[in-house]
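These are the residues of each chain, in order.
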Amino acid sequence: MIRKLLLLLAAGVLLLVVSLALAAWRLQSALEQPLQLSEARLLNVEPGATPGGLLNQLQAEGVLDGAFWLRQYWRFRLPGQALHSGEYRLLPEHKARDLLGLWQRGEVVQYSLTLVEGWSFRQVRAALSRQSALQQSVAELDDAALMAKLGQPGVSPEGRFFPDTYRYVRGMSDFELLKQAHARLDLVLDEEWRKRAEGLPYRKPYDALIMASMVEKETGVPEERGQIAGVFVRRLRNSMRLQTDPTVIFGLGERYNGNLTRAHLREPTPYNTYTIDGMPPTPIALVGREAIHAALHPVDGKSLYFVARGDGSHVFSDTLEQHNRAVSEYQLKRRADYRSSPVRQ
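A few points on the structure. (Residues numbered from 1 in each chain as written. Predicted model: local features only at pLDDT ≥ 70, side-chain atom pairs only at ≥ 80, totals over all residues. Heavy atoms only, no water.)

When two helices pack together, their arrangement is given by the angle between the helix axes and by the axis-to-axis distance. Axis separation between helix α8 (residues 205–218) and helix α9 (residues 225–237) bottoms out at 9 Å; the angle between their running directions is 130°. With respect to α9, the axis of α8 lies oblique. Relative to α9, α8 is oriented so that their crossing is right-handed. Counting all contacts with α8, which are made through M211, M214, V215, E216 and E218, the residues of α9 involved are R225, I228, A229, F232, V233 and L236. Counted by class, the contact of α8 with α9 contains 8 nonpolar, no polar and 3 charged residues. (Axes fitted to C-alpha atoms, helices over the stretch in contact; angles between N-to-C directions. Helix = DSSP H or I, 4+ residues; strand = E, 2+ residues; numbered from the N terminus. Parallel < 35°, antiparallel > 145°, perpendicular 65-115°, else oblique. Left-handed = near helix turned anticlockwise from the far one by under 90°. Contact = heavy atoms within 4.5 Å. Nonpolar A, V, L, I, M, F, W, Y, C, P; charged D, E, K, R; others polar.)

Shown next as structure tokens:
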């Protein structure tokens, strides 16, 4: 009797060992199987999706086998592991183990959008609308409603977003991206304002931002930012009009066709610095840290004028007589490749 019990026990243990070995083999096979893909594909994981449901889906699509064993692996080897929503890029060379690793690490596909120095907010809106992976909501808001939603009622959106490359995942809203860019601009402006030079003709950081936007639009050679800011600051101190073309162009809006005429320079708008005193009411472009720094640390000197050479650099003059000579030499004899500032994308 005891012998029979021992034989039964031995048989049970053997069966258990064999079963465990078979389960381990099946699990290992499931983990090491290559995904049945002929090319890369994106797997979109919606919020609330579960590993089990996704594995069943992939098995039904013929991408993998052994979903049961893979579910058990996730359940017992990765207990409590959150599954991040987003897109995951699956490659033909991936194994099922690699797929679970992507989920475990939350390596979702990231997209990027670059906001460029010198852009107007209209260009920012256009760039956002082209991002198909972004959830679109900004187009439904006019500028006033958008700024109110950002906690800045009554503030123009021009120049209020920091130019940089921003990364996002599918499903993120365009407003959330703008919120990041807005907060980044405030942070950079505050940092630079705290380190500003003394005696500047600005009452508040926003004034420096307006100045920086003019510097940004006039600069063709990065090393000249401080000199250009110096000219503008000295003109303000001497109660001279700034007379900078980019502000006139901005004031024309969509009416500007690439040709700035004398009539445009005489046309009164809030942004025509040939007809108004001081600075325009808002920035005219997105500005980087370098332009903000230049506006807050203008280069000392005596120059009150500058004219573009045509290669992106400028001739700076102390007197109107010198300036007129430079205009005759560089503006009235323009080459085919003439440009006063960098080409903006």
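Moving on to the side chain of H323. With respect to the helices and strands, H323 occurs in helix α13 (residues 320–331). Residues within four places of H323 in sequence aside, it is in contact with Y305, F306, V307 and S317.

Next up on the list: the pattern of salt bridges. Any two side chains of opposite charge can pair, on the condition that their charged atoms come close. Overall, the coordinates contain 18 salt bridges when judged by the stated rule. The salt bridge partner of R125 is D143, with a shortest N-O separation of 2.9 Å. Here D143 lies in helix α6 (residues 143–149) and R125 lies in helix α5 (residues 121–129), a separation of 18 residues in the sequence. Its relative accessible area of 32% is what places D143 among the partly exposed residues. In the salt-bridge network here, residues are joined through shared partners; they are E32, K95 and R97. (Salt bridge = Lys/Arg side-chain N within 4 Å of Asp/Glu carboxyl O. Buried < 20%, exposed > 50% of the residue type's maximum accessible area, 1.4 Å probe, protein only.)

Because side chains alternate across strand β5 (residues 305–308), one face comprises the buried residues Y305 and V307, and the other comprises F306 and A308, equally buried. With 4 bridges joining them, β5 and strand β6 (residues 314–317) adopt antiparallel strand pairing. Residue F306 lies in a different strand from β6, and its bridge partner there is F316. Linking two consecutive strands that pair antiparallel, namely β5 and β6, is a turn of 5 residues; a positive phi of about 115° is found at G310 within it. (Pairing = 2+ DSSP bridges.)

The next subject is α8. Helical periodicity: at 3.6 residues per turn, an α-helix aligns residues three or four positions apart in one direction. Here α8 is 14 residues long and its end C-alpha atoms lie 20 Å apart, about the 20 Å a rise of 1.5 Å per residue gives. In terms of residue burial, α8 counts as a mostly covered element, since 12 of its 14 residues are buried. Those residues of α8 lying buried are Y206, D207, A208, L209, I210, M211, A212, S213, M214, V215, E216 and E218. Of the surrounding secondary structure, the elements contacted by the buried residues of α8 are α7 (174–194), α9, α10 (245–252), α12 (289–296), β5 and β6. (Expected span 1.5 Å × (residues − 1).)

What follows deals with the nonpolar core. In this structure, Y202, M211 and I292 are the most contacted members of the largest nonpolar core, which totals 55 residues. What I292 contacts, discounting residues up to four positions off in sequence, is L185, V188, L189, E192, L209, A212 and V287. If you look at the next biggest cluster of nonpolar residues, it comprises 25 residues, including L31, V45, L83 and L102. (Core = buried A, V, L, I, M, F, W, Y, C linked by side-chain atoms within 4.5 Å.)

What follows concerns the packing of α9 against α12. Between α9 and α12, the shortest axis-to-axis distance is 8 Å and the interhelical angle comes to 45°. Here α9 is positioned oblique relative to α12, judged by the angle of their axes. The element α9 and its partner α12 pack so that their crossing is right-handed. Residue-level inspection shows R225, G226 and A229 of α9 in contact with α12, the latter providing E290, A291, A294 and A295. In terms of residue class, the contact of α9 with α12 is built from 4 nonpolar, 1 polar and 2 charged.

Per the counting criterion, the structure on display carries 7 aromatic pairs. Between the aromatic rings of F68 and W69, the centroid separation amounts to 5.1 Å while the plane-to-plane angle is 85°, which identifies the pairing as edge-to-face. On the basis of relative accessible area, W69 is assigned to the partly exposed category, the value being 23%. Every member of this aromatic cluster is reached through a ring pair, and the members are F232, F306 and F316. (Phe/Tyr/Trp six-rings, centres within 6.5 Å; stacked < 30°, edge-to-face > 60°.)

Among the residues of helix α2 (residues 51–60), those classed as buried are P51, G52, L54, L55 and L58. Down the axis of α2, the smallest arc covering the buried residues is 165°, so these residues share one side. Tucked into the core, α2 has its buried residues touching β1 (41–45), α3 (67–77) and α4 (96–105). Note on α2: the residue one or two positions beyond its end, G62, has a positive phi of about 80°. (Arc of directions from axis to C-beta.)

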